[in-house]
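Observations on chain architecture
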Amino acid sequence: MNIVSPPTSETVSTGLEIAVAFQGVSRHFGSVKAVDGVDLAVREGEFFAMLGPSGSGKTTCLRLIAGFEQPTAGHIEIFGETAEGLPPYRRNVNTVFQDYALFPHMSVIANVGYGLMVKGVNRAERAGQAREALALVRLEGYEDRKPSQLSGGQRQRVALARALVNRPRVLLLDEPLGALDLKLREEMQDELRTLHRKLGLTFVFVTHDQGEALSMADRVAVFDRGRIVQVGTPEDVYERPATRFVADFVGGSNVLDPDFAAMAGGAARWTSLRPEKIRVAPVATNEPVGGAGGIAEVIDVQYQGSVRRLVLGFAGRRLVAVVSAAQFAGIVPGAHVGVSWPRDALQPMAGEGGDP
Amino acid sequence: MTAAAALPAARNTARDGVFARLADRLYMSPKLLLFLLLAPPLLWVGVVYLGALFALLAQSFFALDDFSGMIDRTFTLATWAQLFHPANLDIIMRTVAMAAMVTLCSALIGFPIAYYAARYARGRMKALFYLAVMLPLWSSYLVRVYAWKLILAKEGILAWSLDRIGAGPILEAYLALPVVGGPSLSASYTGTFIVFVYVWLPFMILPIQAALERVPGNLIEASADLGAAPGQTFRTVVFPLALPGIVAGSIFTFSLTLGDYIIPQIVGGSQFYLGQAVYTHQGTAGNIPLAAAFSVVPILIMAVYLTIARRMGAFNAL
């Protein structure tokens, strides 16, 4: 039995089947509405990210899929089967926990083989499949170690292997990279993407890191205060934020109020203007590029390695612009620069901007 | 005033003085501090306690001269041989069996209580739990044992209550059983057993609770997530991780039962237990060598018990 099996006619992802469906799902804890009327459809084989700040309900949604929480209202289906009322051990869904939750009294191989053991798979078969899963996450040779003898990155891989060995229909990942340092994090991001492509499984990934969500996911659901405020491809979410919250949380956009937006050359609506879309030039050479602009005062300069982040005062508002670090090397707060942006950089947001 | 004048000195002189300097000294040399803290208890344990223990052990290699009633201070194994007389062997077996039963029963009763306290009780409920478990320890042990004697007595409240609800014959039938029965509950092995379990139960609950407290809740979720039904999770995750606590608790209940000489004297039949044997031989009978030999028995039993527990992997999760 292979974990990595070539897709057969039944397992080929048609992209039409829905892996996880939420219909008006709520999870209230007393007066706290952790999840409040969420509709959601994760497609089979998709890498789906649930993005939001802490307390926005994304982790509770994941726990609702896993079965650790039961909805107080609404309906959940996993591959067409009703999930509410089903305990976690009756769901063909596995979780990679935020802090890994490895069993401290078991060796790596026993941890990975645990799911098979409780299903009654015999010892030899178990060891074989567990080894295979460890090979998949490139952790051969660590079979007999205890979790306490592993580094954070290695524990992460064991947790991944332990979930994958059960061949789940959906793999749930709860901020799995949160505890890793930057270097390891980037490495694991690549690895998770590779694994996803290789296995063709449905991945549901919870993160508060917008960069991680954008770079890894096929689609992103942005959570705010227990609700989903936007679902779409990373480009949709970044280029066309639906609400002020999304514009600000994903990529830290400049959110322009309707008056300012009209003055800046757009419609009188709440409008998003991405920092990298703002052109900054020395005052003398500045001219609006078929859009709008003017003279801004530099309030702060933050050097960030590859880029330089300029905080500008413009028409009584605060604007953030990002320029290549090679530019404006000598600029200091108090200096004046010319700013301009093309009209199509102004992205009006739906309705009142969505947020009260 | 210039800005520099307003700044404090680089060295914080706010707390200079003899004690502050002493604190500085100890802060800079943690080994000295450790030595000062540990020397008194180590002296106590090393010299007074271990010394006394070895003196005791040495006594067991002397023998009582039956004729003169004096202790003959020459090396002999005769006292040790006496332990294997049927009457003495009986005492040992009876005590070990009682201690084993008390330990087993304490673990069975204590585990669910400890589990509830560790996993579910929060805030006030947790405080209430600690209070309920510890409260009996605040009152005198003798008072509690005598209270049990009254509860279990022939005309006691338990027999009376059972009579009232028409269950008197059940108690009669139980008391008619061999070994566990007797003239009344307060004069039977069952009575001794009940009081032992009552008195030592807190010593079982608290270590188990401490062990369970350290089992992260997400391990139980992870186990369920991987397909384990609650029973499987208990056997493969919760129990192994609680085992060091259970063993720690059982060390308390087992050794306390082995050494106790008051409970069986107040509640139970006339049969002797180890503690009573030690008490009688060294007090009334003046046979200190035999008392010494008897008191080494629990130490040996505990050593064997711990070795077995270790072999079984009870401390692997530590």
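Residue positions are given per chain, counted from 1 along the sequence in the order it is written. As they are written, the chains are lettered A onward and the ligands numbered 1 onward, keeping that order. Confidence filtering applies because this is a predicted model: local features only for residues at pLDDT of at least 70, side-chain atom pairs given and counted only at 80 or more, and all residues used for totals across whole chains, interfaces and linings.

1. Observations concerning the overall build of chain A
The test is simple: Labels follow the DSSP assignment, with helices taken as runs of H or I lasting at least four residues and strands as runs of E lasting at least two, numbered in each case from the N terminus. Once C-beta atoms are placed from the backbone, each residue is buried if 20 or more other C-beta atoms lie within 10 Å of its own, exposed if 12 or fewer, and partly exposed for counts between those two.
Helix and strand counts for chain A come out as 10 helices and 18 strands. Projected onto its principal axes, the C-alpha positions of chain A cover 75 × 45 × 45 Å. Residues counted as buried form 44% of the 356 residues belonging to chain A.

2. Brief notes about the overall build of chain B
Rules: Each residue gets a C-beta atom placed from its backbone, and two residues are in contact if those atoms lie within 7 Å.
Counting its regular elements, chain B contains 15 helices and 2 strands. For chain B, the spread of C-alpha atoms along the principal axes amounts to about 95 × 60 × 40 Å. When burial is assessed residue by residue, chain B has 31% of its 318 residues classed as buried. Put simply, of all contacts in chain B between residues at least 6 apart along the chain, 71% involve residues at least 24 apart.

3. Points about the pairing of strand β16 (residues 317–324) of chain A
All names here are of chain A. Stated formally: Any two strands with at least two DSSP-identified bridges between them are counted as paired.
Pairing of strand β15 (residues 307–314) with β16, which is carried by 8 bridges, proceeds in the antiparallel orientation. Note on β16: the bridge partner recorded for valine 307 is serine 324. Counting the residues that bridge the hairpin from β15 to β16 gives 2 residues, and of these alanine 315 lies at a positive phi of roughly 50°.

4. Brief notes about the interface of chain B and chain A
The criterion, for reference: Any residue that is not Ala, Val, Leu, Ile, Met, Phe, Trp, Tyr, Cys, Pro, Asp, Glu, Lys or Arg is counted as polar, Gly included; the first ten are nonpolar and the last four charged.
Tallying the contact residues gives 17 residues for chain B and 18 residues for chain A. Looking at the side of chain B that touches chain A, the elements with two or more residues in it are α11 (217–225) and α12 (230–259) of chain B. Per element, the largest residue contribution to the side of chain B that touches chain A is 6 residues, and it comes from α11 of chain B. Residues belonging to the side of chain B that touches chain A are distributed by class as follows: 11 nonpolar, 4 polar and 2 charged.

5. Points about the sheet that holds strand β4 (residues 73–78) of chain A
All names here are of chain A. Cut-off, in case you're wondering: Here, axes are lines fitted to C-alpha atoms. For helices the fit covers the stretch in contact, and angles between N-to-C directions go from 0 to 180 degrees.
The strand order β2-β1-β4-β5 describes an open sheet built from 4 strands, whose pairing is antiparallel. Edge positions in the open sheet fall to β2 (32–43) and β5 (81–82), since each of these has one partner strand only. Of the strand pairs in this sheet, strand β1 (residues 18–29) and β2 are connected by 8 bridges, and their pairing is antiparallel. Residue pairing across strands places alanine 21 opposite alanine 41, the latter belonging to β2. Sitting on the sheet, helix α1 (residues 58–66) touches β1, β2 and β4, and the angle it makes with β2 is about 65°.

6. Things to note about helix α15 (residues 288–311) of chain B
All names here are of chain B. Note the following rule: By this rule, a helix spans an expected 1.5 Å times one less than how many residues it contains.
With 24 residues, α15 extends 35 Å from end C-alpha to end C-alpha; this agrees with the ideal 34 Å at 1.5 Å per step. Among the residues making up α15, those that are buried are Pro289, Leu290, Ala291, Ala292, Ala293, Phe294, Ser295, Val297, Pro298 and Tyr305. In the segment just after α15, glycine 313 is the residue with positive phi, at about 85°.

7. Side note on helix α6 (residues 182–199) of chain A
Residues and elements named next belong to chain A. Stated precisely, the cut-off is as follows: In this context, the arc is that of the directions from the helix axis out to the C-beta atoms.
End to end, α6 covers 25 Å across 18 residues, agreeing with the expected 26 Å (1.5 Å per residue, within 8%). Buried within α6 we find Met188, Leu192 and His196. When α6 is viewed along its axis, its buried side chains cluster within an angular range of 75° and face the same direction. Across from the buried face of α6, at angles greater than 90 degrees, the exposed residues are Lys183, Asp190, Thr194, Arg197 and Lys198. Directly after α6, the chain includes glycine 200, whose backbone phi takes a positive value near 65°.

8. What to know about the packing of helix α14 (residues 274–282) of chain B against α15 of chain B
Residues and elements named next belong to chain B. What counts is decided by this rule: Should an angle lie under 35 degrees it is considered roughly parallel, over 145 roughly antiparallel, and from 65 to 115 roughly perpendicular; all remaining angles are considered oblique. The crossing is said to be left-handed when, going from far helix to near helix, the turn is anticlockwise and less than a right angle, and right-handed when the turn is clockwise.
Contact geometry of α14 with α15 gives a least axis separation of 8 Å together with a crossing angle of 160°. As the angle between them shows, α14 and α15 are arranged roughly antiparallel. Crossing handedness for the pair α14 and α15: left-handed. For the pair formed by α14 and α15, the contact residues are Leu274, Ala277, Val278, His281 and Gln282 on the first element and Ile288, Leu290, Ala291, Phe294, Ser295, Val297 and Pro298 on the second.

9. A closer look at the sheet that holds strand β9 (residues 219–224) of chain A
Residues and elements named next belong to chain A. Read across the open sheet, the 6 strands follow the order β6-β7-β8-β3-β9-β10; overall the sheet is mixed. In this open sheet, the two strands that pair with only one neighbour each are β6 (93–96) and β10 (227–232). Neighbour-to-neighbour, the strand axes of this sheet turn through a mean angle of 20°, independent of strand direction.

10. Topic: unusual backbone geometry
Despite not being glycine, alanine 101 of chain A shows a phi value in the positive range, around 50°. Locating alanine 101 of chain A in the fold gives a position in the loop between β6 and α2 (108–112).

11. What about the nonpolar core?
Here is the rule: Core membership is restricted to buried Ala, Val, Leu, Ile, Met, Phe, Trp, Tyr and Cys residues, and these are joined into a nonpolar core through C-beta atoms within 7 Å.
Ile65, Ala161, Val204, Phe205 and Val222 of chain A are the most contacted members of the largest nonpolar core, which has 161 residues in total. Here this core takes 14 residues from helix α10 (residues 189–213) of chain B, the largest share from any one element. If sequence neighbours within four positions are ignored, valine 204 of chain A has contacts with Val20, Val42, Phe48, Met50, Leu62, Ile65, Val170 and Leu172 of chain A.

12. Observations regarding the packing of helix α5 (residues 86–119) of chain B against α10 of chain B
Residues and elements named next belong to chain B. Taken N-terminus to C-terminus, the directions of α5 and α10 make an angle of 45°; their axes are 6 Å apart at the nearest point. Compared by their axis directions, α5 and α10 come out oblique. Of the two elements, α5 crosses α10, and the hand of that crossing is right-handed. Broken down by class, the residue content of the contact of α5 with α10 amounts to 21 nonpolar, 4 polar and 2 charged.

13. A word on the environment of leucine 51 of chain A
Residues and elements named next belong to chain A. Note that leucine 51 resides in strand β3 (residues 47–51). According to the C-beta neighbour criterion, leucine 51 is buried, with 28 such atoms within 10 Å. Beyond its immediate chain neighbours, meaning those up to four positions away, leucine 51 contacts Lys58, Thr207, Gln210, Ala213, Val220, Ala221, Val222 and Phe223.

14. Concerning the confidence of the model for chain B
Residue and element names in this part refer to chain B. Let me state the cut-off plainly: Each residue carries a pLDDT score, the predictor's confidence in it, ranging from 0 to 100.
For chain B, mean pLDDT is 89; residues scoring 70 or higher make up 97% of the total. When the elements of chain B are averaged for pLDDT, helix α1 (residues 3–6) gives the smallest value, 61, and α11 the largest, 95. Here the predicted complex scores 0.82 on pTM and 0.84 on ipTM.

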